[in-house]
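Structure at a glance
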Amino acid sequence: MRQIIVEHARRRLALKRGGDRSRVEMHDPVFQLDASPEDLLTLDESLASFEDKHPRLSRVVVLRYFGGLSEEDSAQVLEVSPRTVRRDCLLAKAFLAQALEAATERANPH
């Protein structure tokens, strides 16, 4: 699912497609964001670098954000408690917000 969403974002950025932005609605308030195609690509790059150091946190993001699984379903897949998934979501969200902010600053220097 992650590859499908990322490829969709790449196609949306293609000049022949207009590269216009659209709002992506997510049902989970933990990972809900107004995701532009650029943000989705940055998210994918951040996850790729994040996977080596924190594989479970990365999997939580993939399951919840890209897969649409609930905390309980994610906990079952990962064989951890829903509380652990909730904590992992908060940690991953902080890391990814920092990565997106850094990417935005690199793209738009003052």
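Up top is the structure.
A brief structural summary. (Residues numbered from 1 in each chain as written. Predicted model: local features only at pLDDT ≥ 70, side-chain atom pairs only at ≥ 80, totals over all residues. Heavy atoms only, no water.)

Overview of the overall build of the chain
- When its secondary structure is counted, the chain shows 5 helices and 0 strands.
- Shown N-terminal to C-terminal, the secondary structure of the chain runs as helices and strands in the order α-α-α-α-α.
- Each of the 110 residues in the chain was classed as buried or not, and the buried ones make up 35%.
- For the chain, restricting intrachain contacts to residue pairs at least 6 apart in sequence, the fraction spanning at least 24 positions comes to 54%. (Helix = DSSP H or I, 4+ residues; strand = E, 2+ residues; numbered from the N terminus. Buried < 20%, exposed > 50% of the residue type's maximum accessible area, 1.4 Å probe, protein only. Contact = heavy atoms within 4.5 Å.)

Re the environment of Val 80
- You can see Val 80 is positioned in the loop between helix H4 (71–78) and helix H5 (82–107).
- Contact partners of Val 80, with chain neighbours within four places excluded, come to Arg 56, Ala 75 and Val 85.

Here we look at the packing of aromatic side chains
- Following the criterion strictly, the structure yields 2 aromatic pairs and no others.
- A centroid spacing of 4.0 Å and a plane angle of 10 degrees characterise the contact between Phe 50 and Phe 95, whose relative ring orientation is stacked. Of this pair, Phe 50 sits in helix H2 (residues 37–53) while Phe 95 sits in helix H5, and the two are 45 residues apart along the sequence.
- For Phe 50, a relative accessible area of 4% gives the class buried.
- Under the relative-accessibility criterion, Phe 95 is labelled partly exposed at 27%.
- Between Tyr 65 and Phe 66, the aromatic rings sit 5.0 Å apart at their centres with planes inclined by 85 degrees, giving edge-to-face as the arrangement. Exposure class is identical for Tyr 65 and Phe 66. Each is buried. (Phe/Tyr/Trp six-rings, centres within 6.5 Å; stacked < 30°, edge-to-face > 60°.)

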